[in-house]
Amino acid sequence: MDVLWEAADPLSVREVSGQLTDRDLAHTTVMTVLDRLAKKGFARRERNGRAWHYRAAESREAYVTELMLSALDQTGDRQAALARFARSVSGTEAQALLRALGTLGEAHRG
Amino acid sequence: MSAADLILAVLAIGCIPAASALASASWPRRSPVAAILLWQALGLGWGLAAVGTLIGFAVTSNGAVAGAGALERLASLVRAGHARPVAAIGLVRLICLAAGLLLLAVLCWILLAATASVLRARQRQRELLSLLAHDDPKVPGALVVDHPAAAAYCLPGLRPEIVISAGVLDLLDADELAAVLAHERAHLRERHDLVLLPFLALLRAFSWAGITTQAYRAVGLLLEMHADDRVLRQVPARGLATALLRVGSAGGGGVPTGALAVAGAPAECEVAARVIRLLRPPPVLNGAATALVLAVSAALVVLPAALLILPLH
């Protein structure tokens, strides 16, 4: 997927394999992976002559944003799907409590 | 209406003010586990009593097996195979019977629907994580997503994952990160998501009833407090408290304001309540009080179940 994100143009299976030289993957393996990515909607493919060409459906940033939005969403459903560590607290309140903690810590040490 | 039906009706109606009182009580934060059990018993007891009241009332006049439990009376009514049910038990009772069965079906359905929607959301998360996340030696066993906003959460399931954003890695020191990981591991190990699921189902189906929101929030907060308690066995309270405040105050970045506005105010109270509880732990509920809570919880489930099955003379 990283290869598709880097590329400006749609890539053929052979071109993707070519960029994954460090991994030494079989041509069919790369083809299977690309096919799966296309089925899940992460990659789009178009026929170019005899070979399929693949490109990323969305940018990496778009997926990171989607991931983070659903993680930070506070409207019920997501909250149950993903158990979040801390829900938002206002900056001023948190700062006040953190300051109080700081003085407590110093008192303990001193 | 028989005595059993009357008791069921009182239970079904009484559960609602009882839940309201429990939501605003202060003792639950002293013993989150006992309080969570009571919440579950209230929910299950209400469901049994509400369905039981409607069905019990509908089949009460079936003279042949008067005195039998509601379920047995219903079975004998069905066995008798009335060709004209309206004539057999009357229109009002027939409507009650239909309403009882409908309520039972709705309760089962909303639980399935909530489960399905939660599983879908998690599946999408897993797919995205498999493309985007990577390991980091600072947080062994967790997945890291490169984004400056602070988010730390876990994906419960058969293949549980803990996810930490790069923002959190920058924000917290080693002790605080250890506290975050321990907290999420407690959630995953004890499957807190399964405890919350029925309350989510009730919230989604009956969001017009304020009590479902109260119940969902209260149980969610108690689960967080319980996970906090688990952390304290491994990490000092201070690290967990500062981690909570740092992540909590930075977490809003990138969230549409609409989403924040919905849950903003109560969420603030929740983090503050957890921090205060960590710094000044309230005394744990004593043995007698805990036993009382457990006994009430058991009674809330056993009583309506028994009234449905056993005859009451």
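Draft legend 1. Representation of the overall build of chain A in the model. From N to C terminus, chain A includes six helices and four strands. Counting from the amino terminus, helix and strand elements in chain A follow one another as α-β-α-α-β-β-α-α-β-α. In chain A, which comprises 110 residues, the proportion classed as buried is 31%. Sequence separation of 24 or more characterises 34% of the internal contacts of chain A that already satisfy a separation of 6 or more.

Draft legend 2. Spotlight on the sheet that holds strand β2 (residues 43–48) of chain A. All names here are of chain A. Here we have three strands laid out as an open sheet, ordered β1-β3-β2, and antiparallel in their pairing. Two strands bound the open sheet, and with one partner strand each, they are β1 (11–12) and β2. Contacts from helix α3 (residues 27–39) reach β2 and β3 (51–56) within the one sheet, and its direction differs from that of β2 by about 115°.

Draft legend 3. Region of interest: the nonpolar core. Of all hydrophobic cores here, the largest spans 90 residues; its most connected members are A151, V163 and V219 of chain B. Per-element accounting of this core gives the leading share, 16 residues, to helix α2 (residues 32–58) of chain B. Counting residues in each nonpolar core, the second largest holds eleven residues, with L4, V30, F42 and A43 of chain A among its members.

Draft legend 4. Up close: the domain arrangement of chain B. Residues and elements named next belong to chain B. Here chain B is described as being made up of domain 1 (1–132 + 286–313) and domain 2 (136–282). Residue assignment for the side of domain 1 that touches domain 2 shows that the elements contributing at least two residues are α1 (3–24), α2 and α5 (91–132). The biggest single contributor to the side of domain 1 that touches domain 2 is α5, with ten residues. Partitioning the side of domain 1 that touches domain 2 into residue classes produces 15 nonpolar, four polar and four charged.

Draft legend 5. Representation of helix α7 (residues 174–189) of chain B. All names here are of chain B. Taking 1.5 Å per residue as the helical rise, α7 with its 16 residues ought to reach 22 Å, and the 22 Å between its terminal C-alpha atoms agrees with that figure. Residues E176, L177, A179, V180, L181, H183, E184, A186 and H187 constitute the buried set of α7. Just past α7, the residue R191 takes up positive phi, approximately 50°.

Draft legend 6. Representation of the packing of α5 of chain B against helix α8 (residues 192–205) of chain B. Residue and element names in this part refer to chain B. α8 packs onto α5 with a crossing angle of 105° between their chain directions and a minimal axis gap of 8 Å. Classified by the angle their axes make, α5 and α8 are roughly perpendicular. Contacts from I110, L111, A114, T115 and V118 of α5 reach α8 at L197, P198, L200, A201, R204 and A205. Class assignment of the residues belonging to the contact of α5 with α8 gives a composition of nine nonpolar, one polar and one charged.

Cut-offs applied
Residues numbered from 1 in each chain as written. Chains lettered and ligands numbered in written order. Predicted model: local features only at pLDDT ≥ 70, side-chain atom pairs only at ≥ 80, totals over all residues. Helix = DSSP H or I, 4+ residues; strand = E, 2+ residues; numbered from the N terminus. Buried ≥ 20, exposed ≤ 12 C-beta atoms within 10 Å, placed from the backbone. Contact = placed C-beta atoms within 7 Å. Pairing = 2+ DSSP bridges. Axes fitted to C-alpha atoms, helices over the stretch in contact; angles between N-to-C directions. Core = buried A, V, L, I, M, F, W, Y, C linked by C-beta atoms within 7 Å. Domains from an automatic or database assignment. Nonpolar A, V, L, I, M, F, W, Y, C, P; charged D, E, K, R; others polar. Expected span 1.5 Å × (residues − 1). Parallel < 35°, antiparallel > 145°, perpendicular 65-115°, else oblique.

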